[in-house]
Amino acid sequence: MVLYQCQNCGYVSDYAVTVCPKCGSKNIKKFSGKEEKLIKKSRKTNYLHMKLTRFLVKIKKYAENGVKENLDPACVKIFKEVEHNCYESYQKIVAELQTHMKGKKWG
Ligand SMILES: [Zn+2]
């Protein structure tokens, strides 16, 4: 299989394109073999990262509610740890996705 990437804006298509749907450039490069595999692996990994961030936001909100309930110090401690861990994991994912974009691990 072949992937097509606009060399102007980075748009990637699984279908043959001669004109970029995003920016209109005709500077399209074909990718196959190792490069295609890397783009597809990056695509899947980035998708998984984005899915995780959604769950982390939800879990963090539950933890914040637990802190507000303030049942006892042990519970509050757990909720605060979860809240903190969700925040850190979210920020790590954002930093990693920035690395992927700079390293052209996207598509
Ligand atoms: Zn383009």
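Being a predicted model, the structure only gives us computed values, none of them experimental.

1. Here we look at the overall build of the protein
In terms of regular secondary structure, the protein is built from two helices and three strands. When the helices and strands of the protein are listed from N to C terminus, the series reads β-β-β-α-α. The C-alpha atoms of the protein give 20 Å as radius of gyration, which overshoots the globular expectation for 107 residues (13 Å, by more than 25%). A principal-axis box enclosing the C-alpha atoms of the protein has dimensions of 65 × 25 × 20 Å. When each of the 107 residues of the protein is scored for burial, the buried share is 7%.

2. Some remarks on unusual backbone geometry
At asparagine 70, a position not held by glycine, the phi torsion is positive, near 55°. Examined against the element boundaries, asparagine 70 turns out to sit in the loop between helix 1 (34-69) and helix 2 (73-102).

3. Brief notes about the packing of helix 1 against helix 2
Taken N-terminus to C-terminus, the directions of helix 1 and helix 2 make an angle of 155°; their axes are 8 Å apart at the nearest point. In terms of orientation, helix 1 lies roughly antiparallel with respect to helix 2. In this structure, helix 1 meets helix 2 at a crossing whose hand is left-handed. Broken down by class, the residue content of the contact of helix 1 with helix 2 amounts to 14 nonpolar, seven polar and five charged.

4. Overview of helix 1
Its 36 residues place the ends of helix 1 52 Å apart at the C-alpha level, agreeing with the 52 Å of an ideal helix rising 1.5 Å per residue. Two residues or fewer after helix 1 comes asparagine 70, characterised by a positive phi angle close to 55°.

5. Digging into the domain arrangement of the protein
Quoted interface sizes are often the accessible area lost when the parts come together. With domains assigned, the protein is organised as domain 1 (1-32) and domain 2 (41-101). Averaged C-alpha coordinates put domain 1 and domain 2 at centres separated by 35 Å.

6. Things to note about the pairing of strand 1 (residues 3-6)
Bridging between strand 1 and strand 3 (residues 28-31) involves four bridges; their strand directions are antiparallel. Across the sheet, leucine 3 pairs through a bridge with phenylalanine 31, a residue of strand 3. In terms of strand pairing, strand 1 meets strand 2 (residues 12-13) through two bridges, oriented antiparallel. The residue of strand 2 that forms the bridge with tyrosine 4 is serine 13. Joining the antiparallel neighbours strand 1 and strand 2 is a turn of five residues, in which glycine 10 adopts a positive phi near 95°.

7. Examining the environment of leucine 56
Within the fold, leucine 56 resides in helix 1. Sequence spacing of leucine 56 and asparagine 85 is 29 residues, and the spatial spacing of their C-alpha atoms is 9.0 Å. Among residues more than four places away in sequence, those in contact with leucine 56 are Cys86, Ser89 and Tyr90.

8. Looking at the environment of serine 89
Examined against the element boundaries, serine 89 turns out to sit in helix 2. The exposure class of serine 89 is partly exposed, given the 16 C-beta atoms found within 10 Å. In this structure, the C-alpha to C-alpha distance between serine 89 and threonine 45, residues 44 residues apart in sequence, is 15 Å.

Conventions we followed
Residues numbered from 1 in each chain as written. Predicted model: local features only at pLDDT ≥ 70, side-chain atom pairs only at ≥ 80, totals over all residues. Helix = DSSP H or I, 4+ residues; strand = E, 2+ residues; numbered from the N terminus. Rg over C-alpha atoms; globule rule 2.2 N^0.38 Å. Buried ≥ 20, exposed ≤ 12 C-beta atoms within 10 Å, placed from the backbone. Axes fitted to C-alpha atoms, helices over the stretch in contact; angles between N-to-C directions. Parallel < 35°, antiparallel > 145°, perpendicular 65-115°, else oblique. Left-handed = near helix turned anticlockwise from the far one by under 90°. Nonpolar A, V, L, I, M, F, W, Y, C, P; charged D, E, K, R; others polar. Expected span 1.5 Å × (residues − 1). Domains from an automatic or database assignment. Pairing = 2+ DSSP bridges. Contact = placed C-beta atoms within 7 Å.

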